[in-house]
Amino acid sequence: ERKERERKLSKEMAETATRELEKMRLQEKAEVKYKEWLKKKRTEEAEKKKKEKEKEKEREAELQEKKERSEKIFKEWLHNARNKPRPVLNGYGFSHGKSTGLYCCYTYVVT
């Protein structure tokens, strides 16, 4: 009986040790998987940030190009505006460069 009990006890202890060993293996395996997953996530995050930076640089380059184009067009317009002929001041309602009244559809001039 005593030997039987010792055998059962040793068998239970062996099973318990086996279960604990299996738990440890599973836990180690889970840690390895988690580390791999975490590494993959960090890599993806780094790539995402890199792409966002590239897009931001492209956007800034486009804005700079647009600004330069706008400035060039404005300067051309300014240059051309200086060379355009001035309007005639002796038209309706103007006499010697001064306003003489309002022009209306009835050609009514107030002096």
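Residues numbered from 1 in each chain as written. Predicted model: local features only at pLDDT ≥ 70, side-chain atom pairs only at ≥ 80, totals over all residues. Heavy atoms only, no water.

Caption draft 1: How the structure looks around a negative patch on the surface. A contiguous patch of negative charge, built from Glu 44, Glu 45, Glu 47 and Glu 52, is present on the exposed surface. You can call Glu 45 partly exposed: its relative accessible area is 42%. (Patch = residues over 30% accessible without salt bridge, like charges linked within 9 Å, V, L, I, M, F, W, Y side chains within 5 Å. Areas by Shrake-Rupley, 256 points an atom, 1.4 Å probe, with all protein chains shown as cover. Salt bridge = Lys/Arg side-chain N within 4 Å of Asp/Glu carboxyl O. Lys, Arg positive; Asp, Glu negative; His and termini not counted. Charge placed at Lys NZ, Arg CZ, Asp CG, Glu CD. Buried < 20%, exposed > 50% of the residue type's maximum accessible area, 1.4 Å probe, protein only.)

Caption draft 2: Summary view of a nonpolar patch on the surface. A cluster of nonpolar residues, Phe 74, Trp 77 and Leu 78, forms a patch on the protein surface that exposes about 320 Å² of accessible area. With respect to the element layout, Leu 78 can be found in helix α1 (residues 2–83). Here Leu 78 falls in the partly exposed class, since its relative accessible area comes to 30%. (Helix = DSSP H or I, 4+ residues; strand = E, 2+ residues; numbered from the N terminus.)

Caption draft 3: Molecular detail of the pattern of salt bridges. If you walk through the whole model with that rule in mind, you get 6 salt bridges. For Glu 4, the salt bridge is made with Arg 7, and the minimal N-O distance between the two is 2.4 Å. Here Arg 7 and Glu 4 lie together in helix α1, a separation of 3 residues that amounts to about one turn. Take Glu 4: its relative accessible area is 36%, and that puts it in the partly exposed class. Between Arg 69 and Glu 65 there is a salt bridge whose closest N-O contact spans 3.8 Å. Taken as a pair, Arg 69 and Glu 65 lie in helix α1 at a separation of 4 residues, close to a single helical turn. A relative accessible area of 47% means that Glu 65 is categorised as partly exposed.

Just distances and angles here, no functional claims.
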